[in-house]
Amino acid sequence: MIDSLQEVLVTSLAGYYTLERVHFDFDPAKSSRTIIADILAYAQQRNQSGPVAQHLVGAKLAVRFPHFTISNFPFSAADEQAGRQGDFHVGNTAFHVTVAPSMGHIDRCAENVRQGLASWLLVNESKLAAARALLENENLHERVAAESVESFVGQNLSELAEFSLSNFTHRLSVLLAEYNRRVAEVETDQSLLLDIPAALKSQ
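Only a predicted model underlies this, so the values are computations on that prediction, with no experimental measurement involved.

A. Molecular detail of the overall build of the protein. Each helix and strand in the protein was counted, giving eight helices and six strands. Along the chain direction, N to C, the helices and strands of the protein fall in the order α-β-α-α-β-β-α-β-α-β-α-α-β-α. By the burial criterion, 45% of the 203 residues in the protein qualify as buried.

B. Broad picture of the side chain of Glu187. Position of Glu187 relative to the elements: it lies in the loop between α7 (165-186) and β6 (194-195). Although buried, Glu187 forms no salt bridge, and the nearest oppositely charged side chain, Arg182, lies 9.5 Å from it. From its side chain, Glu187 meets the backbone nitrogen of Phe75 in a polar contact 2.8 Å long. Leaving out residues up to four positions away in the same chain, Glu187 has contacts with His55, Phe73, Pro74, Phe75 and Leu192.

C. Local environment of the pairing of strand β3 (residues 93-97). Counting buried positions along β3 yields five of five residues, so the element is predominantly enclosed. Burial of β3 is two-sided: the residues Thr93, Phe95 and Val97 facing one way and the residues Ala94 and His96 facing the other way are all buried. Inspection of the sheet shows strand β2 (residues 88-90) paired to β3 by three bridges, in the antiparallel sense. Within β3, the residue paired with Phe88 across the bridge is Phe95. The hairpin formed by β2 and β3 contains two residues between the paired strands, and Gly91 there has a positive phi angle of roughly 60°. One ladder, built from five bridges, connects β3 with strand β4 (residues 118-123); its direction is parallel. What sits directly across from Thr93, in β4, is Ala118.

D. Structural detail: the packing of helix α2 (residues 32-45) against helix α3 (residues 49-64). Axis separation between α2 and α3 bottoms out at 8 Å; the angle between their running directions is 150°. Considering the angle they form, α2 stands roughly antiparallel to α3. Along the contact surface, α2 presents Ile36, Ile39, Leu40, Ala43 and Gln44, while α3 presents Ser49, Val52, Ala53 and Leu56. In terms of residue class, the contact of α2 with α3 is made up of seven nonpolar, two polar and no charged.

Conventions adopted
Residues numbered from 1 in each chain as written. Predicted model: local features only at pLDDT ≥ 70, side-chain atom pairs only at ≥ 80, totals over all residues. Heavy atoms only, no water. Helix = DSSP H or I, 4+ residues; strand = E, 2+ residues; numbered from the N terminus. Buried < 20%, exposed > 50% of the residue type's maximum accessible area, 1.4 Å probe, protein only. Lys, Arg positive; Asp, Glu negative; His and termini not counted. Salt bridge = Lys/Arg side-chain N within 4 Å of Asp/Glu carboxyl O. Polar contact = N/O pair within 3.5 Å; in protein donor to acceptor, adjacent residues only side chain to side chain. Contact = heavy atoms within 4.5 Å. Pairing = 2+ DSSP bridges. Axes fitted to C-alpha atoms, helices over the stretch in contact; angles between N-to-C directions. Parallel < 35°, antiparallel > 145°, perpendicular 65-115°, else oblique. Nonpolar A, V, L, I, M, F, W, Y, C, P; charged D, E, K, R; others polar.

Set out below in structure tokens:
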């Protein structure tokens, strides 16, 4: 019986690890923000927008600040359980990434402020108004920066490309490769990996 159960488990895991990767249609004519939005929209269809958003932000910070060590944790490791000040910490700033902002996130931002840290709350564009409303209700809207993941990551891409279309494809390729590296390093669910379009793989 044990052997039979092990065989079923191995078969199930084999199927689990061959799940289709997150993909998107790359159109170089689209803005950087829209490309990030496309990735998140596809991930949302698969109920994976939370971890994809987290690792996109982590990849953006790692690419933007190569001289810092940017933490990398599985999506399931909540920051309060690990005793961390946020999903990411750069300089004196804590970053919280979520697709479903709640009072729990606001409380963690408030704790950052009490500790003398700058705090950013990064959410999907569709949740940005709600996040800002929650912060305003707690009188934190002038102390905590609330921005969309799409803009936070997309704008950085444009800046790294020096706002040059000829450099943009390369910078996007670097970002997505770093995203995949970080996912492969800590996540057991490898379907979170991005299926990088062929047009980007040669960059």
